[in-house]
Amino acid sequence: MNLRKRKRGASAEVHTSAMNDIMFFLLLFFLIASTVTNPNVIKLMLPKSSSGQSVSKKTINVSIDKDLKYTVDKKEVPVADLPTVIGNYKKLASELTIVLYVDRTVAIQDVVQVMDIAQKLNIKLVLATEPKG
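Chains are numbered independently. Their residues run from 1 in the order of the written sequence. Under the rules for a predicted model, residues below a pLDDT of 70 receive no local features and side-chain atom pairs below 80 are neither given nor counted, while totals for whole chains, interfaces and linings still include all residues. In computing side-chain properties, one takes all heavy atoms of the structure into account and sets aside hydrogens as well as water.

Engineer: Would you explain helix H3 (residues 108-120) in this entry?
Structural biologist: Count 3.6 residues to each turn of an α-helix, and residues three or four apart come out pointing the same way. End to end, H3 covers 18 Å across 13 residues, agreeing with the expected 18 Å (1.5 Å per residue, within 8%). Buried residues in H3 make contact with strand E2 (59-64), strand E3 (70-72), helix H2 (82-92), strand E5 (97-102) and strand E6 (124-127). Each helix is a run of H or I in the DSSP string that is no shorter than four residues. Each strand is a run of E no shorter than two, and both are numbered from the N terminus. Looking one or two residues beyond H3, the residue adopting positive phi is Asn122, at roughly 60°. Helices are assigned an expected span. That span is 1.5 Å times one less than the residue count. Every residue pair with non-hydrogen atoms within 4.5 Å of one another is taken to be in contact.

Engineer: Help me understand unusual backbone geometry in this model?
Structural biologist: Glycine aside, negative phi is the norm for most residues, and most peptide bonds take the trans geometry. Of note in this structure, Lys74 is not a glycine but carries a positive phi near 70°. As for its position among the elements, Lys74 is in the loop between E3 and strand E4 (75-77). Take Lys74: its relative accessible area is 63%, and that puts it in the exposed class. In the Ramachandran plot, Asn122 falls in the positive-phi region, its phi being about 60° despite a non-glycine side chain. Note that Asn122 resides in the loop between H3 and E6. Exposure classes here rest on a 1.4 Å probe applied to the protein chains alone. A residue is buried below 20% of its type maximum, exposed above 50%, and partly exposed in between.

Engineer: What is the right way to look at H2 in this model?
Structural biologist: For H2, the set of buried residues is Leu82, Ile86 and Gly87. What you see down the axis of H2 is that its buried residues fit within an arc of 125°, all on one side. Exposed side chains of H2 directed beyond 90 degrees from the buried face belong to Lys91 and Leu92. The elements touched by buried residues of H2 are E2, E3, E4, E5 and H3. The directions from the helix axis to the C-beta atoms are what the arc is built from.

Engineer: Would you mind showing me how to read the side chain of Asp103 here?
Structural biologist: By secondary structure assignment, the location of Asp103 is in the loop between E5 and H3. Think of it this way: Lys and Arg go in the positive column, Asp and Glu in the negative one, and His and the chain ends go nowhere. Any Lys or Arg side-chain nitrogen located within 4 Å of an Asp or Glu carboxyl oxygen qualifies as a salt bridge. The side chain of Asp103 is buried and forms no salt bridge, while Arg104, the nearest opposite charge, is found at 6.3 Å. Nitrogen and oxygen atoms within 3.5 Å of one another constitute a polar contact, given that in protein one can donate a hydrogen and the other can accept it, and given that sequence-neighbouring residues count only through two side-chain atoms. Separated by 2.6 Å, the side chains of Asp103 and Thr105 make a polar contact.

Engineer: What exactly am I supposed to notice about the pairing of E2 here?
Structural biologist: As a general feature of sheets, a regular strand has side chains that alternate between the two faces. In terms of strand pairing, E2 meets E5 through six bridges, oriented parallel. Its bridge partner being in E5, Thr59 is matched across the sheet by Thr97. Whether two strands pair comes down to DSSP finding at least two bridges between them. Joining the antiparallel neighbours E2 and E3 is a turn of five residues, in which Leu68 adopts a positive phi near 60°.

Engineer: Can you walk me through the packing of aromatic side chains in this structure?
Structural biologist: Each aromatic ring pair is specified by the distance between its two centres and by the angle formed by the two planes. Pairs were defined over the aromatic rings of Phe, Tyr and Trp, the Trp ring being its six-membered one, requiring ring centres within 6.5 Å. Orientation was assigned from the angle between planes: stacked under 30 degrees, edge-to-face over 60, tilted for the rest. The tally for this structure, following the rule as stated, stands at two aromatic pairs. Note on Phe29 and Phe30: the rings are 5.4 Å apart at their centroids and 65° apart in plane angle, and the pair reads as edge-to-face. You can call Phe29 exposed: its relative accessible area is 53%.

Engineer: Sorry, what's going on with the pairing of E6 here?
Structural biologist: As paired strands, E5 and E6 are joined by four bridges and run parallel to one another. Looking across to E6, one finds that Ile98 is bridged to Leu125. Orient the strands so they point away from the viewer; a crossover is then right-handed if the path from the first strand over the helix to the second runs clockwise. Since E5 and E6 lie parallel, the crossover through H3 that links them has a hand, and here it is right-handed.

Engineer: When you look at a nonpolar patch on the surface in this model, what are you seeing that I'm missing?
Structural biologist: On the surface, Met19, Ile22, Met23, Leu26, Phe29 and Phe30 cluster together to form a nonpolar patch covering roughly 660 Å² of accessible area. Of note, Met19 is situated in helix H1 (residues 17-37). Patch definition: residues above 30% relative accessible area lacking any salt bridge, with like charges linked at up to 9 Å and the nonpolar side chains Val, Leu, Ile, Met, Phe, Trp and Tyr linked at up to 5 Å. Reported accessibility uses the Shrake-Rupley method at a 1.4 Å probe radius. Residues are deemed covered only where the shown protein chains occlude them.

Engineer: What is the right way to read the nonpolar core from this model?
Structural biologist: Grouped together as the largest cluster of nonpolar side chains are 19 residues, with contacts concentrated most on Val62, Leu82 and Ile86. Where this core is concerned, the elements lending two or more residues are E2, E3, H2, E5 and H3. Ranked by residues supplied to this core, first place goes to H3 with four residues. Look past the residues within four positions of Leu82 in its chain and what remains in contact with it is Tyr70, Val72, Val77, Val114 and Ile117. What is meant by a nonpolar core is a set of buried Ala, Val, Leu, Ile, Met, Phe, Trp, Tyr and Cys residues, joined one to another through side-chain atoms within 4.5 Å.

Read these as layout, nothing more, since geometry by itself doesn't imply function.
Take a look at the structure:
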C-alpha cells in the first residue's frame, strides 16, 4: 500500500490578461468609430412610403425633430427666421427644392407651416419618408 502523496502533473493555468487588453482596445475602437461616422445627423423616425423618391439637383434639407427644433442644412433656426433663411437660399438658386424631414410624432400643423413658407416663396417641397421593409 502506497501512502505517499502523489505528485500532481503540471498545473493548467490560463493567463487572460493579454486577451483582456485586446478586448478593451477593440471595444474602445468600435465606440470611437461609431461616433465619428455621422456626427451631425439628426435622429428622426420618418414615416414610411412605398413609392420612390425624386430629388432635384439643388436641394436644401429642412428638418423638424420631436422637440420642434427646426434645422436648415444642419443649422438650427428659430421658427420666426425660417422664411428669411429659406429666402436667402432661394436667391442663390433659381430651381430650389426643399426636402422636409419630419419626425412622425410632430403635429401636422408644424409641417403645414413649413409648406406654407415654401408655397409663398414658390419653392418645390418634398416630404422625406423611409422605404418600407
